[in-house]
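Structural description and commentary
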Amino acid sequence: MSGFNTHLLSVLVFLPLAWAAVGLLLPAKEGDPRSPLKIWAFSGSLLTFALSVFLYLEFSTQGEEFQWLETLSWIPSLGISYSMGIDGISLWLVLLTTFLMPLAILASFNAIEHRQKEYYFLLLALETGMLGAFVSLDLFLFYVFWEAMLIPMYFLVGIWGGKERIYAAMKFFIYTMVGSLLMLVAIFYLAYQHKLQTGTYSTLILDLYKLHIQGEGYLGAQSLLFLAFALAFAIKVPLFPLHTWLPDAHVQAPTAGSVILAAVLLKMGGYGFLRIAFPLFPSAVSLYQLPFMVLGTIAVVYGALVATIQPDIKKLVAYSSVSHMGYVILGLFSLNQIGVTGSIYQMLNHGVSTGALFLLVGMIYERRHTREISAFGGITRVMPLFSVAFMIVTLSSVALPGTNGFIGEFLILLGSWGTNRVLTSIAALGVVLGAVYMLWMFQRVMFGPIQDPLNEKLKDLSLREVCVLMPLVIAIFVMGIVPNFFFQKMDPAIQRFLNRSSIGLASQPNSVPQTSYAQGNDHGSS
Amino acid sequence: MEALKTIQPDLLTLSQDQFNCLVPYFTVFAGTCLSILLSVWGAIKAKWPVFLVASLTCLVAMVNSLVLIQGTSQSLFNGMMVSDSYSHFFNLIFLGSALFTIFGSFRYLDEEKMQHPEYYVLVLFAALGMMLMTSAQDLIVLFVALELMSLCVYVLVGFRRNDRKCNEAAMKYFILGSAASAVLLYGAALIYGATGSTEIHSVLKFVQDHPQSLNPIFGLGFSMVLFGFLFKVAAVPFHMWMPDVYEGAPVPVTGFMTTGLKAAAFGTFVRVLLAIGYGKGISSAIQSHLHDILWVSCALTMLVGNFIALTQVNLKRMLAYSSIAHTGYLLLGILSGTRSELGFAPGVMYILIYSAMNLGAFVILTLLSSEGDSKLNLHDLSGVARRHPWLSFAMSVFLLSMAGIPPTAGFAAKYLVFYSAIQANEIPLVVIGVLSSAVSVFYYLRVLVYMYMRDPVGSPPVLRVSLWSGLAIASMILITIEVGVLPEQMIDLAKRVVLSL
C-alpha cells in the first residue's frame, strides 16, 4: 500500500494515457454509433475521477505543504527531476479536470462519428497532460506537460472542429508556443542562477523559491524573467491583448474541446501565475502590479462589450471567458487573501459554468446545426428541460447570489478594492455588462414566439444529456451555497502563496478585514 | 618552426591495439571492395548480394565502433589519425546513416528503375570518407578524406542520370563544392605556412606557445578553413547551393546528405576549431573575431532557414531549409561550447538526434514519393493519415521532434543547446533561436495539417512499406522517443565522447 501511496500522483496522471493506449487496441468501425470505445474512454475518465476524489478525502489541511510528494532524479546532469506533489490549490484544479473529463466524453457520444479511436485517445492523452502540469513541482517537468498538452488539443481542434478549424488550430498552437519558448529560456536561466548561488543545478520549484534573483527595476533581470513567464501564462489565460486566439479556437473546437479548453486549459495560465511567476519574482510582481491590474480590468470590460454584440452563441461564450478570466488576473494581482481566494474560486467557477455553457451550446448545435442567435427564439416551449438548465447556468455566469459566480466575483472585487479602488469600480461594470449580454442572449434564444419552423420539432434533452448537465448544475449550487467547504482546503496554500509573493509589498494598504468571508456564507444565498 | 617530421618506420607498423582501433575502417573498406567485385561479376544478379554485403558491413562496423567507443585514445599512423571515443561516436552516426539509407533505398531504386549496385558501393565509400574525416589529425588527411566523401556524394546526387534537374543539382554541387574544398585547402596551406605544420596538435602547440606573435597569414588561413566548413555545413550566407541540391538529388540521397554529410562536416569542424586553438590558446583578438563571425552566421542561419522554409510547398525543399535552420542551432552549440560547463556535448548530441529524426523523415519521404521524386508537394499528402495511420504517426513524431516539442528527442537536443548557450551568456542568440523555432512550428505542423486534417484528393495508390524501410523507421522512432523521455544516458555518452577530444 505504501508503494501505491508514494506513486499515487504518477498513477493518477498516467492512468488516462495508459487507458487510452489500451483503447487503441479495441476494435472500432468507422462511424459505428455503438462503438465500445466510448464506454471504454468514459470508464477510464470516471476511474481517474474516483482516484482524485480519494486524493481529496485523504488530503489534510494540517499536513505538509505538498502531499503525496514524489521525487525521482530524471536528468541529473541538468538538475532536472521528476517531482510531483499536490497542495490546496492544485487539488481543486485536479478535481476540476477529472470532474469535467467524463462529462466532456459523455457529451461527445453522438457528436463524434468519425475517427472515434483517435478522438478518445487524444482526449485522454490531453487529460494526462493537464493533470501533469497541475501536479508538477519541477519547472522543467511542468514545461514538458505544458507543451505536450498542446499536441492533443491541436489535433482535436484541427480534425473535429468547424469550418475554420485549421486556421484556429494553427493559431492556438503558435500563440502558445511563442510564449512558452521564452518561458523555457527563463527556466534555464533560473537553473543556472541556482547553480551560481548554491553550486548545484536545480529546477525544483521549492528550491527556486529560495533563490534571490538580482536585478531590480522595470527591465532588471528579475523583471525580464517575470515577463517571460507572464507572457506564457497571459497568453494562456488569455489576458487582453493576447486573447485573439481564444475566440477562434473556442468557436472552431468540437464541444468537448471547447469545454476542456475553457474549463481547464485557461486555468493553466492562472495556475502558472500562482505557482511560479508570483512566488519566484515578488519584487517584479510589485512593480508590474498596476499594469497587470489595468490589463485585467480592460479584459473584463472589453470582453463583456465584445460579447454583447456577437451574433453567434458560442462566440459570445468565448468572449465572456475573456471577461471572466480578466477578473482572475485582477484578483491575483490585488495580492491579498480575499482577492487571491476569489481568483482561485473564480477559476473553478468559470470551469464549471463556462464548461456547462459550451455543453449546452453543443447540444443545441447538434439539433439545429447552427449557433446563430437569430435562428432561435421560443425554445422554452419545445425544450423545457434544456431551458431550465440553460437558465441556471446563465444565472451562474452573471453571478447571481446563490450561485458560484457570485462568490468569486464578489471576493475579487472586495479584494481589489483594497488595492486599487478606481480599477475596481471600473471592473464592477463588468458584472452589469455580464448580465446584459447573457440575459439578452437568453431572452432572444429562449423567449418569444417560435419564428423558424425548424425549431418547432426540437427534441428536449435525452437522459444522457441530463446526466451530463446534472452534475454541473449541482456543482453550481453547492459552490454558491457552501463556499467554505472549498476554502478550507485552499487556505493554508493561499497563506503560503501570499507570504512568498508579497515581499516588497509591506507598505501595501490592506484595509479589508481578512475574516470577512471566513465567517461562513453570510453573503451566500439569501 | 618545426620542420616536417621525418617518418619513423617503427611508427608505421601497427601494434595490436592500434590494429583493433582500425577494425571498423578496415571492415568498411573490405566490404566496399567486396561489393565492387560482386557488382562486376557478370555471372550473378548483383542486387541482393551487394545489398546484403553493404548492410552487413555497416552493421559489423557499427558493432566494432560501439565497442571501441569505450576505449582509450590511440594515435595512429605517425599522428595522422586518431581513434578516440569522439571519432567512434561519429562513426556510429555515419554507419547508421549509411545503413538506413541503404535500407530505405532498396525498393526505391527498383521503383525508380535505377537499381545499380554502384549505388551501395558509393554510399559505403562516402561513409568511409566521413569516418576518416572525423578521425583525421592532419589537415592533409582531412582533405583527402573530405574529397573521398564529396566525390562519392557528387555522383550519388546525380544518380538519376536521365533527369535534368538531377544533373543540374549534381553539377551545381560539384562546382560549388570543389570551390569550397579549394578554399579549405588553401586555408590549410596558409596555416602550414604560418605554423610550419599541418598536424593539428603541432598547430595547436604552436598557437599556444606564440599567442601574440601569430601573423596575419594564420588569421587568413584560419578564416578560410572556417568558411570552407561553413560552406560544407550550409550555414548562411554559404547556403545557396543547398536547397537546389537537396531538391534535385534522389530522396534517399538527400536523406543521407542531411545526416551523414552534415554530421561529418560538423564533427570535423569541431575538431579543427579546437585544434586551431579556438577557446583555448588563441589570442583574444582572433578569438573575438572568430566569435563574431560565428555569431552572425548562427543568427542568420536560424532566421533565414526558418523563414524561407515557411513558404516552401515541396517537402524536400522544405526539409532542406529546415536543415539549414538546424545548422543554426548546431552552430549555437559550437559557439557556446568553449564557455559552458557541458562543453561541446550538447552540439554533439544534437547532431546525433538530428540525424536520427531526419533520416526517419526521409525514409518516409522515400516511401511517399512516386516516379521521379514527384508527388512530394504538400497537397499530395492530403489525408494520408486515413490510409496509413502508422506511417503518419511516425512522420508526426519526426516532425514534432524537429519542431522541438516534448517529449521527443528534438526537444531534448534543443534544450541542451539552449541551456549551454545560456551558460555561455549568449542570451540574445538564445532568444533569436527560440523565436525562430516558434516560427518553425508553423511549417512542421502544416505537414500534419495536410496528413490529418484534409480530405484525400483522388485515389492515390496504397503504398507498400518494405521490411527494410519499416525497420529503419521503427529504429529511428525508438531513438527519437527513448532519448526524448530519458535523455540522461545520451547526455552522459555525449559528455564522455567530448572529453576525449
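Thresholds, definitions, all that
- Residues numbered from 1 in each chain as written.
- Chains lettered and ligands numbered in written order.
- Predicted model: local features only at pLDDT ≥ 70, side-chain atom pairs only at ≥ 80, totals over all residues.
- Helix = DSSP H or I, 4+ residues; strand = E, 2+ residues; numbered from the N terminus.
- Rg over C-alpha atoms; globule rule 2.2 N^0.38 Å.
- Contact = placed C-beta atoms within 7 Å.
- Buried ≥ 20, exposed ≤ 12 C-beta atoms within 10 Å, placed from the backbone.
- Nonpolar A, V, L, I, M, F, W, Y, C, P; charged D, E, K, R; others polar.
- Pairing = 2+ DSSP bridges.
- pLDDT = per-residue confidence, 0-100.
- Axes fitted to C-alpha atoms, helices over the stretch in contact; angles between N-to-C directions.
- Parallel < 35°, antiparallel > 145°, perpendicular 65-115°, else oblique.
- Left-handed = near helix turned anticlockwise from the far one by under 90°.
- Core = buried A, V, L, I, M, F, W, Y, C linked by C-beta atoms within 7 Å.
- Expected span 1.5 Å × (residues − 1).
- Bend = angle between axes of the 7 residues up to and from the residue.

As for the overall build of chain A
- Secondary structure assignment for chain A yields 21 helices and 2 strands.
- Expected size for 526 residues packed as a compact globule is a radius of gyration near 24 Å; at 22 Å, chain A falls within 12% of this value.
- For chain A, the spread of C-alpha atoms along the three principal axes comes to 70 × 55 × 40 Å.
- At a minimum sequence separation of 6, the contacts of chain A that also span at least 24 residues come to 80%.

Topic: the overall build of chain B
- Tallying secondary structure elements over chain B gives 20 helices and 2 strands in all.
- The C-alpha radius of gyration of chain B comes to 22 Å, within 12% of the 23 Å expected for a compact globule of 501 residues.
- Projecting the C-alpha coordinates of chain B onto the three principal axes gives extents of approximately 70 × 60 × 40 Å.
- Of all 501 residues assigned to chain B, the portion counted as buried reaches 60%.
- Residue pairs in contact within chain B that sit at least 24 positions apart in sequence constitute 80% of those at least 6 positions apart.

Describing the interface of chain A and chain B
- The interface is formed by 25 residues belonging to chain A together with 24 residues belonging to chain B.
- Counting only elements with at least two residues in the side of chain A that touches chain B, the list comes to helix 6 (139-148), helix 7 (150-160) and helix 8 (165-198) of chain A.
- The element best represented in the side of chain A that touches chain B is helix 8 of chain A, accounting for 14 residues.
- Of the residues in the side of chain A that touches chain B, the class split is 21 nonpolar, 2 polar and 2 charged.

Topic: the pairing of strand 2 (residues 80-86) of chain A
Residue and element names in this part refer to chain A.
- Within strand 2, 6 of the 7 residues are buried, leaving the element largely enclosed by the surrounding structure.
- The pairing of strand 1 (residues 67-75) with strand 2 spans 6 bridges and is classified as antiparallel. The partner of E70 across the bridge, within strand 2, is M84.
- Once strand 1 ends, the chain turns through 4 residues before running back antiparallel as strand 2, passing G79 with a positive phi of about 70°.

Examining the environment of L335 of chain B
Residues and elements named next belong to chain B.
- Inspection of the secondary structure assignment puts L335 in helix 13 (residues 315-337).
- For L335, a count of 25 C-beta atoms within 10 Å corresponds to the buried category.
- L335 has contacts with L294, W295, C298 and E426, leaving out every residue within four places of it along the chain.

Remarks on unusual backbone geometry
- A cis geometry characterises the amide bond from V237 of chain A onward to P238 of chain A, with omega recorded as -15°.
- Residue position: P238 of chain A is located in the loop between helix 10 (221-236) and helix 11 (245-252).
- With an omega dihedral of 0°, the bond running from F240 of chain A to P241 of chain A counts as a cis peptide bond.
- A positive phi is found at W68 of chain A, a non-glycine position, where the angle reads about 55°.
- Looking at the element boundaries, W68 of chain A is found in strand 1.
- Classification of W68 of chain A by C-beta neighbours within 10 Å gives partly exposed; the count is 19.
- Positive phi, close to 60°, is recorded for A234 of chain B, a residue that is not glycine.
- For A234 of chain B, a count of 26 C-beta atoms within 10 Å gives the class buried.

Focus: the environment of S258 of chain A
- Along the chain, the position of S258 of chain A falls in helix 12 (residues 255-280).
- In contact with S258 of chain A, other than residues within four places in its own chain, are H250, A253 and F358 of chain A.

Remarks on the confidence of the model for chain B
- Taken over all residues, the pLDDT of chain B has a mean of 86, while the share at 70 or more is 96%.
- Overall fold confidence for the complex sits at a pTM of 0.88, while the interface term, ipTM, reaches 0.85.

Topic: the packing of helix 12 of chain A against helix 21 (residues 484-501) of chain A
All names here are of chain A.
- Interhelical geometry of helix 12 versus helix 21 gives an angle of 30° and a closest axis separation of 8 Å. When the axes of helix 12 and helix 21 are compared, the pair comes out roughly parallel. Remark: the crossing between helix 12 and helix 21 carries left-handed chirality. Between helix 12 and helix 21, the contacting residues are L274, F278 and P279 on the first element and F497, R500 and S501 on the second.

What about the nonpolar core?
- Counting 401 residues, the largest nonpolar core has V185 and F229 of chain A together with V123, A127, M349 and I353 of chain B as the members making the most contacts within it.
- Ranked by residue count, the leading element in this core is helix 8 of chain A, at 20 residues.

A few points about the confidence of the model for chain A
- Here chain A averages 85 in pLDDT, while 94% of its residues score no lower than 70.
- Note on residues 504-526 of chain A: pLDDT is under 50 here. Beyond four places in sequence and across chains, it has 35 contacts.

Some points on the packing of helix 14 (residues 313-333) of chain A against helix 19 (residues 421-446) of chain A
All names here are of chain A.
- Closest axis-to-axis distance for the helix 14/helix 19 pair is 11 Å, and the angle between their directions is 160°. Accordingly, the angle class assigned to the pair helix 14 and helix 19 is roughly antiparallel. Note that helix 14 runs across helix 19; the crossing there is left-handed. Contacts between helix 14 and helix 19 involve I313, L316, S320, S323 and L330 on the former and, on the latter, A427, G430, G434, Y437, M441 and V445.

Notes on helix 2 (residues 16-40) of chain B
All names here are of chain B.
- Here helix 2 is 25 residues long and its end C-alpha atoms lie 34 Å apart, about the 36 Å a rise of 1.5 Å per residue gives.
- Approximately 50° is the largest bend angle found in helix 2, and it occurs at L22, with the proline P24 only one to four residues beyond.
- Burial in helix 2 covers these residues: C21, L22, P24, Y25, T27, V28, G31, T32, S35 and L38.
- The secondary structure elements touched by the buried residues of helix 2 are helix 3 (47-68), strand 1 (74-76), strand 2 (81-83), helix 4 (85-111) and helix 5 (118-135).

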